[in-house]
Amino acid sequence: MHAAREFMLLAGLGFFVAGLTTYLMTWILVVVHLRDHHPQERARIGGFMFTPRAFGWFLMRRYAALGDRSLNGLARLGAIGAWSIVLGILAVIASKVLG
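Residues numbered from 1 in each chain as written. Predicted model: local features only at pLDDT ≥ 70, side-chain atom pairs only at ≥ 80, totals over all residues. Heavy atoms only, no water.

## Looking at the overall build of the protein chain
Note the threshold: Helical segments are the DSSP runs of H or I of at least four residues, strand segments are the runs of E of at least two, and each set is numbered from the N terminus. Using a 1.4 Å probe on the protein chains alone, a residue whose accessible area is under 20% of its type maximum counts as buried, one over 50% counts as exposed, and one in between counts as partly exposed. The criterion used for residue contact is that any of the two residues' heavy atoms lie within 4.5 Å. For every accessible area listed, the method is Shrake-Rupley and the probe measures 1.4 Å; residues are considered covered only by the protein chains on display. His is not counted here, nor are the chain ends, while Lys and Arg score as positive and Asp and Glu score as negative. To locate a charge, the coordinates of NZ of Lys, CZ of Arg, CG of Asp or CD of Glu are taken.
Helices and strands together make up the secondary structure of the protein chain, namely four helices and zero strands. In the protein chain, which comprises 99 residues, the proportion classed as buried is 33%. A fraction of 66% describes how many contacts in the protein chain between residues 6 or more apart in sequence connect residues 24 or more apart. For the protein chain, the computed accessible surface area is about 6,000 Å², with 71% contributed by carbon and sulfur atoms. Looking at charge distribution, the protein chain has the averaged site of its 10 positive side-chain charges lying 5 Å from that of its 4 negative ones.

## Description of the environment of L59
Structurally, L59 can be placed in helix 3 (residues 52-59). Judged by its relative accessible area of 18%, L59 falls in the buried class. Those residues within four positions of L59 in sequence are excluded, and the remaining contacts are A82, W83 and V86.

## As for helix 1 (residues 2-37)
Basically, it comes down to this: Expected span of a helix: the number of residues minus one, times 1.5 Å.
For helix 1, with 36 residues, the first-to-last C-alpha span of 51 Å sits near the 52 Å given by 1.5 Å per residue. Turning to helix 1, its buried residues are G12, G19, Y23, T26, W27, V30, V31, H33 and L34. Contacts from the buried residues of helix 1 go to helix 2 (39-45), helix 3 and helix 4 (69-98).

## Some details on the pattern of salt bridges
This is how it is decided: For this analysis, a salt bridge means a side-chain nitrogen from Lys or Arg found within 4 Å of a carboxyl oxygen belonging to Asp or Glu.
For the structure shown, the criterion picks out two salt bridges. In this structure, D36 engages R35 in a salt bridge whose closest nitrogen and oxygen atoms are separated by 3.2 Å. According to the relative accessible area criterion, D36 is partly exposed, its value standing at 48%. Assessed through its relative accessible area of 51%, R35 is described here as exposed. Notably, a salt bridge pairs E41 with R44, separated by 2.9 Å at the nearest N-O pair. With E41 and R44 both in helix 2 and three residues apart, this pair spans about one turn of that helix.

By themselves, these observations are geometric and do not establish any function.
Here it is as structure tokens:
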């Protein structure tokens, strides 16, 4: 049981760090694209990347409603990063429950 708990903890931290890195890198590119092509959407989701509205925008794939293929390509990576953050947190919580 101890090995499973350690594995879950390390896997969770790995998912969290990988997701956070992806999210941070793509957020900058997505914000610039929104500023240049969709200023009304940029104003709607706000400017800070860790607000619930901005994070949910990635998780719920709200970028797809804009119909911009370039934005979809950038934001899809950010959505993968956001889901990796969520999975990493859940794995860390599960490792705490196991221990």
